[in-house]
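Per-entry structural report
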Amino acid sequence: MTQLPLDGIRVLDLSKVLAGPLCAQYLGDMGADVIKVETLDQGDETRHWPPFRDVAGNRAGAVFLSANRNKRSLCLDLKTEAGRGAIYRLAKQSDIVIASFGPGVAEKLGVDALALRACNPQLIYCDISGFGSVGPMREGKGYDVILQAFCGMLSITGEPDGPAVRSPFSPVDQATGLHALIGILAALFRRERSGIGATVEASLFDTATGMLGYFLQSYWERGTEPQKPGSGHESLCPYQVFETADKPLILGVANDTLWRRFCALSKLDDIVDHPDYRTNADRVRNRKATVALVAEVVHQHGRDWWLVALDKAGIPNSPLHTLGELSAHPHTAASGMKFDYNHPVLGKLKGIAQPLRIDGERAQLRRPPPLHGEHSHEILLELGYDEKEIEALLQMNAPAETGEP
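Residues numbered from 1 in each chain as written. Predicted model: local features only at pLDDT ≥ 70, side-chain atom pairs only at ≥ 80, totals over all residues. Heavy atoms only, no water.

Examining the overall build of the protein chain
Tallying secondary structure elements over the protein chain gives 17 helices and 13 strands in all. Within the protein chain, the fraction of its 405 residues that count as buried is 46%. A separation threshold of at least 6 residues defines the contact pool for the protein chain, and within that pool the share at least 24 residues apart is 68%. By element, 56% of the accessible surface of the protein chain is carried by carbon and sulfur atoms, the whole surface being about 20,400 Å². (Helix = DSSP H or I, 4+ residues; strand = E, 2+ residues; numbered from the N terminus. Buried < 20%, exposed > 50% of the residue type's maximum accessible area, 1.4 Å probe, protein only. Contact = heavy atoms within 4.5 Å. Areas by Shrake-Rupley, 256 points an atom, 1.4 Å probe, with all protein chains shown as cover.)

As for the environment of aspartate 340
Residue position: aspartate 340 is located in strand 12 (residues 338–343). Sequence-wise, aspartate 340 and leucine 40 are 300 residues apart; in three dimensions their C-alpha atoms are separated by 30 Å. Those residues within four positions of aspartate 340 in sequence are excluded, and the remaining contacts are Leu349 and Lys350.

Topic: the nonpolar core
Generally speaking, soluble globular proteins have nonpolar side chains that are buried together. Judged by nonpolar contacts, the single largest core of 35 residues is most densely connected at Val11, Leu27, Ile96, Ile98 and Ile128. The set of elements that each furnish at least two residues to this core consists of helix 1 (19–29), strand 6 (96–99), strand 7 (124–129), helix 7 (171–194), strand 8 (198–203) and helix 8 (204–211). In terms of nonpolar packing, the next biggest core, distinct from the first, is built from 28 residues, Ala86, Phe101, Val111 and Ile379 among them. (Core = buried A, V, L, I, M, F, W, Y, C linked by side-chain atoms within 4.5 Å.)

Description of a nonpolar patch on the surface
Taken together, the side chains of Tyr143, Val145 and Ile146 define a hydrophobic patch exposed on the protein surface, amounting to about 230 Å² of accessible area. One can find isoleucine 146 in helix 6 (residues 144–150). On the basis of relative accessible area, isoleucine 146 is assigned to the partly exposed category, the value being 41%. (Patch = residues over 30% accessible without salt bridge, like charges linked within 9 Å, V, L, I, M, F, W, Y side chains within 5 Å. Salt bridge = Lys/Arg side-chain N within 4 Å of Asp/Glu carboxyl O.)

Topic: the pattern of salt bridges
Scanning the model with the defined rule gives 18 salt bridges in all. Residue aspartate 273 pairs with arginine 260 through a salt bridge whose shortest N-O separation is 2.8 Å. Taken together, the residues span a long stretch of sequence, with aspartate 273 in the loop between helix 10 (256–266) and helix 11 (280–285) and arginine 260 in helix 10 at a distance of 13 residues. One salt bridge connects aspartate 340 with lysine 350, and the closest N-O pair in it is separated by 2.9 Å. Of the two residues, aspartate 340 sits in strand 12 while lysine 350 sits in strand 13 (residues 347–352), which places them 10 residues apart along the sequence. Residues aspartate 340 and lysine 350 agree in their burial class; the two are exposed. Salt bridges sharing partners connect three or more residues here, namely Arg10, Asp33, Arg72, Glu378 and Glu382.

This is the structure:
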């Protein structure tokens, strides 16, 4: 890109783990100068989550590497007056702050929205929390799996009559980061017109509940809890995994036109207009019989035969890829979603790009994920500290205190 969309914007990233760091990473991808503030002792805890890239004692967890490119790392002790003073200096020079402290921790540390917006009225402060600031659960701490359970996600995942199954890719954390990003960009746009800053709130509870929108709408209309659909969809049929003669595949007959194509391909012409199967609503009502019919015909050929035949007929389908198969697929390489880069300390690494193109281009890696405190001296010099003050700041370390969201 000739000019990155957020060039000239500074982000103060006080968050950790996944939701906040992912949001900050995407702002960095779009050109913002992101300063990640970490504790002096261990930094972001995902640095210490296995599996690791470990080179000559420099170790970084895979989760950390996935969510912290295009940032600089600054170590401070926010429990000291000097550490807070550095944050206040940064806040005066920043456009956006992202925080994900536990309930009451930001206020106790003096780095909450009220305190930092007092330093800079044009500041956009994004507070990421477990349950939000309103309601009886506002003091609750939240992790992805906790909200999957609390908001009912675990009640609808897994096979019928099977145990609860966690969605393992942390969808609540990741989507909360995206909602935070949406709110920040909207507030930034408003500030361009009004000059007014904002406090943006994003919570894991709001995100999880929002993601269940059509499930809740269906529950209210139906009045009963949904059955666990496995790989299927309660409103569509046939729309799930089927076993072929050798390997499974996903079949996505999402409307009646596709049903008619599938019946023609599968020689099911005698049932295509049967009142039990003619429309999607009919097939959903008679799900068990529909699935049994489709399963029988799908099992007559191998997976590769079906993939070719279904593609030719224009019927959505897919093999059940592993992560290795996705990583090696030619479309993954051609799309630019996977990229390779050299870290100056950790060596050759791979990454997943921001899932956007602007004017046909992917965001580029400008900085690899930083080492712990890698840019502390550089940033403190920019803030006007002298060498003696910098040395003192980087040696301070009050007793540890947890601050989970």
